[in-house]
Amino acid sequence: MLCRNMLCENCQSMVNSMKQDIRYFFAQARYNIKNAYALKHSFLIGVGSMILNNCAFFVIWFLFMKATGPINGWSSLDVFGMLGVALVCFGVTHSFFYGIVDLPKLVIRGTFDSILLSPVSRFVKLAGTSFSATAYGDLLQGFVVIVIYGFLSHLSVVAWILFLCALVLGCIVFLSIVLLCSLIAFYIHDGEILSKQMFEIFLRPGLYPGAIFPSKLKLFFMTVVPTLITSAVPIDILKSNSVVLGSIAVVSTAGWFIFSRYMFSRSIRKYESGNLLR
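Given the structure is predicted, the values throughout are model-derived calculations rather than measurements.

**Student:** Before we move on, can you summarise the overall build of the protein chain with the specific residues and values?
**Tutor:** Secondary structure summary: the protein chain contains 13 helices and zero strands in total. Counting helices and strands in the order they occur from the N terminus, the protein chain gives α-α-α-α-α-α-α-α-α-α-α-α-α. Along the longest, intermediate and shortest principal axes, the C-alpha atoms of the protein chain span 60 × 55 × 35 Å. Across the 278 residues that make up the protein chain, the buried fraction comes to 46%. Of the roughly 15200 Å² that the protein chain leaves accessible, carbon and sulfur atoms contribute 70%.

Listed below in structure tokens is the structure:
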């Protein structure tokens, strides 16, 4: 009976802690959005500029697909949807978790102390320490593109649910990889540049249709370097209705998420306050 009561108390404590972290996360998100919108014209110009910048990718791929025709069953509409998925994954991470992108700066400047002293989850506190106003343009455009893709593809309710679940997996993988790239700063002094370069290496393969990759190479880019999960895999899952493909995506996402959180907990032990003074 005593063990059962202790177990119930521990479970209740964990639930309360999770609720506190979730409330804090949404409070940070609301504050960041209000802060970004405080300079209304600057915010709107930044969002609009990012949308125009992203349109270049759509124009380039439209012209390419028009010249070549379908690629291994992928049409221009599928590429359109893939770019929408990539924009949402990028937008979610940089809109609500930009503090993770800025982690190398915090470590270099020695201002990571405030994260360590926070009463809430260090990960949650870190995520909301900063934001990117232009990323809201990526996020907005990505959702619009996805809605248009679903409407033109005549997706059923079940297909929509499957697609949104795959989209969540993509966001989790994207966030996990960004976190792992940022953790380099704990091991290499002034590792900000290397962190950005590694992120670019991860990002590039996801800008191409999954149909151009052979099966073994596609498996590589879903597991070892899981960039396709953040772009092409949600479209492939809809097109093929493959249980195997969905299972690989779920297992790979879970593995990368657990590994990134483990490395985060391990890496912060190497932090030394006031690194900027060295």
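**Student:** Before we move on, could you go through the nonpolar core and cite the residues and values that matter?
**Tutor:** Formed by 68 residues in total, the largest nonpolar core has its most connected members in Phe97, Ile100, Phe112, Leu126, Leu183 and Phe186. Take this core: its biggest share by element is 14 residues, from helix 9 (residues 157-182).

**Student:** With reference to specific residues and values, describe the pattern of salt bridges.
**Tutor:** Applying the stated rule across the entire model yields five salt bridges. Between lysine 196 and glutamate 192 there is a salt bridge; the shortest N-O distance is 3.7 Å. Separated by four residues within a single helix, lysine 196 and glutamate 192 lie in helix 10 (residues 192-203), roughly one turn from each other. The exposed category is assigned to lysine 196, whose relative accessible area is 51%. Note that arginine 204 is salt-bridged to glutamate 200, the shortest N-O span being 3.0 Å. Since its relative accessible area comes to 46%, arginine 204 is described here as partly exposed.

**Student:** Outline the packing of helix 9 against helix 13 (residues 243-267), listing residues and values.
**Tutor:** Taken N-terminus to C-terminus, the directions of helix 9 and helix 13 make an angle of 30°; their axes are 9 Å apart at the nearest point. Judged by the angle between their axes, helix 9 and helix 13 are roughly parallel. When you trace helix 9 past helix 13, the crossing you get is left-handed. Along the contact surface, helix 9 presents Leu169, Ile172, Val173, Ser176, Ile177, Leu179 and Leu180, while helix 13 presents Ala249, Val250, Thr253, Trp256, Phe257, Phe259, Ser260, Arg261, Met263 and Phe264.

**Student:** I'd like a description of the state of the cysteines, backed by residues and values.
**Tutor:** For the structure shown, the criterion picks out zero disulfides. Here cysteine 55 is not cross-linked by a disulfide; its sulfur's nearest cysteine counterpart is in cysteine 89, at 19 Å. Counting only cysteine sulfurs, cysteine 171 is the nearest neighbor of cysteine 165, a cysteine outside any disulfide, at a range of 12 Å. Its relative accessible area of 46% is what places cysteine 165 among the partly exposed residues.

**Student:** Tell me about the confidence of the model for the protein chain, and please be specific about residues and values.
**Tutor:** Here the protein chain shows a mean pLDDT of 85. Residues at 70 or above account for 92%. Mean pLDDT values over the elements of the protein chain span from 70, in helix 1 (residues 2-38), up to 94, in helix 9.

**Student:** How would you summarise the packing of aromatic side chains if you had to cite specific residues and measurements?
**Tutor:** Applying the stated criterion across every chain, the model contains 20 aromatic pairs. Centre to centre, the rings of tryptophan 61 and tyrosine 208 are 6.1 Å apart; their planes meet at 80°, and the pair counts as edge-to-face. Residue tryptophan 61 is found in helix 2 (residues 40-68), and its partner tyrosine 208 is found in the loop between helix 10 and helix 11 (215-223); the two are separated by 147 residues along the sequence. For tryptophan 61, a relative accessible area of 14% gives the class buried. Here tyrosine 208 falls in the partly exposed class, since its relative accessible area comes to 40%. Between phenylalanine 186 and tyrosine 271, the aromatic rings sit 6.4 Å apart at their centres with planes inclined by 85°, giving edge-to-face as the arrangement. Residue phenylalanine 186 is located in the loop between helix 9 and helix 10, and its partner tyrosine 271 is located in the segment after helix 13; the two are separated by 85 residues in the primary sequence. Side by side, phenylalanine 186 and tyrosine 271 carry an identical accessibility label, which is buried. Each member of the aromatic cluster is reached from another via a ring pair, and the members are Phe25, Phe97, Phe123 and Phe264. Stacked on the ring of phenylalanine 123, the Lys or Arg arginine 261 has its end atom at 4.5 Å from the ring centre.

**Student:** Pulling in residues and values, what's your account of the side chain of serine 176?
**Tutor:** Within the element layout of this structure, serine 176 appears in helix 9. Filtering out sequence-adjacent residues up to four positions away, serine 176 remains in contact with Trp256, Phe257 and Ser260.

**Student:** With reference to specific residues and values, describe helix 13.
**Tutor:** Relative to the 36 Å expected for 25 residues at 1.5 Å per residue, helix 13 spans 36 Å between its end C-alpha atoms, a close match to the ideal helical length. Within helix 13, the full set of buried residues consists of Leu245, Gly246, Ala249, Ser252, Thr253, Trp256, Ser260, Met263, Phe264 and Ser267. Residues of helix 13 that are buried sit in contact with helix 7 (122-127), helix 9, helix 11 and helix 12 (233-240). Two to three positions downstream of the cap, the backbone nitrogen of valine 244 sits 3.4 Å from a side-chain oxygen, assigning the N-cap of helix 13 to serine 242.

The rules we used
- Residues numbered from 1 in each chain as written.
- Predicted model: local features only at pLDDT ≥ 70, side-chain atom pairs only at ≥ 80, totals over all residues.
- Heavy atoms only, no water.
- Helix = DSSP H or I, 4+ residues; strand = E, 2+ residues; numbered from the N terminus.
- Buried < 20%, exposed > 50% of the residue type's maximum accessible area, 1.4 Å probe, protein only.
- Areas by Shrake-Rupley, 256 points an atom, 1.4 Å probe, with all protein chains shown as cover.
- Core = buried A, V, L, I, M, F, W, Y, C linked by side-chain atoms within 4.5 Å.
- Salt bridge = Lys/Arg side-chain N within 4 Å of Asp/Glu carboxyl O.
- Axes fitted to C-alpha atoms, helices over the stretch in contact; angles between N-to-C directions.
- Parallel < 35°, antiparallel > 145°, perpendicular 65-115°, else oblique.
- Left-handed = near helix turned anticlockwise from the far one by under 90°.
- Contact = heavy atoms within 4.5 Å.
- Disulfide = S-S within 2.5 Å.
- pLDDT = per-residue confidence, 0-100.
- Phe/Tyr/Trp six-rings, centres within 6.5 Å; stacked < 30°, edge-to-face > 60°.
- Lys NZ or Arg CZ within 6 Å of the ring centre and 35° of its normal.
- Expected span 1.5 Å × (residues − 1).
- Polar contact = N/O pair within 3.5 Å; in protein donor to acceptor, adjacent residues only side chain to side chain.

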